[in-house]
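Structure assessment
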Amino acid sequence: MQQTGGSLQPAKSVIRVAPLEAHTSYSPYTCFQCAEGWCMTACPVDAISISAAGAKEVSWERCTGCKLCTIACPYGTMFLDLDAHKAFKCNLCGGDPACARACPVEAIQWVDAETQDWQGAFAAERSVRDLAAVGAA
Amino acid sequence: MKHVVVGAGTAGFNAITTLLSIQPDADVTLVSAEVPYARMVLPYYLSSEIEEGNVYTITPSRLEELGVKLQLGARASGLDRVAKRVLLEGGGSVEYDHLLIATGSSSVRPPVPGIDGERVFDHWTLADTQALRAVIRPGAEVAIVGAGFIAFTIVNPLLHAGCKLTLIEREPHVLPRMLNAEAAAVLEGWLRDHGVAIHTRASLERIEDAPDGSKRVIVNGSALSTQYSVLVIATGIRPNLEWLRDSGLSIDRGLIVDEQLRTNDPAVYAAGDVAEVRDAVTGQRAVMAIETAAMEQGRIVGAAMAGQPRTYAGGMLMNVIESAGLQAASFGDWAGSAATEGRAAGGHYRRYIWDGDRLTGAVIVGPAHQVAGENDMGMLKGLVQSGRPLGRWQRLLAERPFEVRKAFLSAGSVADLLPRTVLGEPSKPLEAALRS
């Protein structure tokens, strides 16, 4: 888990939220733990491994902050800690994700499932007004 | 089957580890003038953010433990394809059944008077970094000749070391092979605000020694007003192909290879900076002198050597640098002409290049905290890599260039990208791959 010293720091969250329809809907996203692991194979110093929980995980002992993983990841789910100059991402909290524990309405659940695009259709449906605003509806 | 890899850089290293992960008892010989290390992280060693030990991708003893025969310090001088032998400088040769040429590039200095004088450095090899580390001091006036990607990798280390920095570039703007003029203007303005002197359209004519022992730099017919204690030459690199001139291998800008990265001799592969491959975005042949392309190509060749040929999907240009808190990146066909642009407050600029409704390239420059806040740089890479027609979302992105997340998530890019892998199967982390 990314330790933030108890303060609320959204910039250090590994779950990001794309606002849709003028902030009336939101699409959260995080690492898909993709099969290629573009971040892992791009890392020039072997700082990214696969944890027992099946998550690609960054070792801050080895990470040099070179940012290559942040442009190699095509999903935009590798982040750069601008204070530490290290890369960070969702590591599934060792198989007990804090996000699932914290969510008050059980919208986030920890289940073993096939990696898939679970939000594309939702986001598309909620983009109608944005498309209309640029004349592309 | 004797596998020989010439060059221990990213391409050669990834070929060896991939080959051994599939075939742990493979007969592999590594011929390399240098020990294996990661060029990408040399700037962090220059700035002492990491130790020398973190620079190495693998140690020679670990390679020996894995059964790799080592010819370190040996430089290939020729290729006898009839006898299937790599000839070594100073005599001797290594026999192969399969050969990978991954000899990378060397930095090239412009042939001007004074260029080989005292306190003129390069920044390309580990030895270069060690030499430069020994001379940079707080307050030192340092000029970098050539303001391309390599120069920019050492801007932060030199600024952190307290050096006063000057960039000298022959082209009309800095990073001419990574950024368009508008993006470069943002970067130049930012750097000048941070005390960096920048001279563009400045062609180096000669370097002289001033009476006080400092260096005087003459560009466009007159001397720059500042004198420098250290000069770094970063005017370009050239693939190391001279040793292959008489080999009969087809060479244009690099060794011409097919989709399995074989040269015109099916026993000889090429990867990394010496290979001329297909650019996956433009469809043209190109030398992709970047880390990720070398890594992917090395893995493709390693698998092929292990009897598992794979088709290389082609390379995609991508570069990222951060200088004094400003981040700049470009992807794919970033210089393409069918472009839309966008700007936001604080010096945040984007340029998107389109082929109909497909994003084929992108340029992004902005303060690092803003780029991190938008958190869409990787998604731009994903949109270019996927090549997916964006339909109505193309219009959205062209009109609202900062709404990448919406377009990326809505247009089905994730579903398009998830099945993709380089080797047709899930990747393994390095150490796990070598244990199996």
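Residues numbered from 1 in each chain as written. Chains lettered and ligands numbered in written order. Predicted model: local features only at pLDDT ≥ 70, side-chain atom pairs only at ≥ 80, totals over all residues.

This part is about the overall build of chain B. When you go through chain B residue by residue, the secondary structure sums to 14 helices and 26 strands. Here chain B has a C-alpha radius of gyration of 23 Å; the compact-globule value for 436 residues is 22 Å, and the two agree. For chain B, the C-alpha atoms occupy an extent of roughly 65 × 60 × 40 Å along the three principal directions. Buried residues in chain B amount to 50% of all 436 residues. Partitioning the contacts of chain B with sequence separation of at least 6, the portion at a separation of at least 24 is 64%. (Helix = DSSP H or I, 4+ residues; strand = E, 2+ residues; numbered from the N terminus. Rg over C-alpha atoms; globule rule 2.2 N^0.38 Å. Buried ≥ 20, exposed ≤ 12 C-beta atoms within 10 Å, placed from the backbone. Contact = placed C-beta atoms within 7 Å.)

Moving on, we come to the interface of chain B and chain A. At the junction of the two partners, chain B supplies 49 residues and chain A supplies 49 residues. Looking at the side of chain B that touches chain A, the elements with two or more residues in it are helix 8 (291-305), strand 22 (318-323), helix 9 (368-374), helix 10 (377-386), helix 11 (392-399), helix 12 (404-410), helix 13 (413-417) and helix 14 (430-435) of chain B. When the residues that make up the side of chain B that touches chain A are grouped by side-chain class, the tally is 24 nonpolar, 13 polar and 12 charged. (Nonpolar A, V, L, I, M, F, W, Y, C, P; charged D, E, K, R; others polar.)

As a further point, take helix 7 (residues 181-193) of chain B. Residue and element names in this part refer to chain B. The end-to-end C-alpha separation of helix 7 is 18 Å, in line with the 18 Å expected for 13 residues at 1.5 Å each. For helix 7, the full list of buried residues reads Ala183, Ala184, Leu187, Glu188 and Leu191. Projected down its long axis, helix 7 carries its buried residues within an arc of 135 degrees, all on one side. Facing away from the buried surface of helix 7 by more than 90 degrees, the exposed residues are Arg192 and Asp193. Close packing links the buried residues of helix 7 with strand 12 (197-199), strand 22, strand 23 (326-332), strand 25 (348-355) and strand 26 (358-367). Where helix 7 ends, the next residue or the one after it, Gly195, has phi of about 85 degrees, a positive value. (Expected span 1.5 Å × (residues − 1). Arc of directions from axis to C-beta.)

Further remarks concern the environment of Lys12(A). In this fold, Lys12(A) is placed in the segment before strand 1 (16-20). Lys12(A) gets classed as partly exposed once you count the C-beta atoms within 10 Å, which come to 17.

Residue and element names in this part refer to chain B. Strand order in the open sheet formed by five strands is 22-23-26-25-24, and the pairing between neighbours is antiparallel. Bordering the open sheet on either side are strand 22 and strand 24 (339-344), each of which pairs with just one other strand. Adjacent strand axes in the sheet meet at a mean angle of 10 degrees when their direction is disregarded. (Pairing = 2+ DSSP bridges. Axes fitted to C-alpha atoms, helices over the stretch in contact; angles between N-to-C directions.)

Residues and elements named next belong to chain B. The geometry of helix 1 (residues 10-22) relative to helix 8 is characterised by a closest axis approach of 7 Å and an angle of 35 degrees between their N-to-C directions. Classified by chirality, the crossing of helix 8 by helix 1 is right-handed. The segment helix 1 lies against helix 8, with Thr10, Ala11, Gly12, Phe13, Asn14, Ala15, Ile16, Thr17, Thr18, Leu19 and Ile22 engaging Glu291, Ala294, Met295, Gln297, Gly298, Arg299, Val301, Gly302, Ala303 and Met305. When grouped by side-chain class, the residues that make up the contact of helix 1 with helix 8 number 11 nonpolar, eight polar and two charged. (Left-handed = near helix turned anticlockwise from the far one by under 90°.)

Each assigned domain of chain B is listed with its residue range as follows: domain 1 (2-106 + 238-315), domain 2 (120-235) and domain 3 (325-417). When its residues are assigned to classes, the side of domain 2 of chain B that touches domain 3 of chain B shows six nonpolar, one polar and one charged. (Domains from an automatic or database assignment.)

This part covers unusual backbone geometry. Residues and elements named next belong to chain B. Even without a glycine there, the phi angle at Ser48 is positive, about 65 degrees. Ser48 sits in the exposed class, given 12 other C-beta atoms within 10 Å. The phi dihedral of Arg119 falls on the positive side, at around 55 degrees, and the residue is not glycine.

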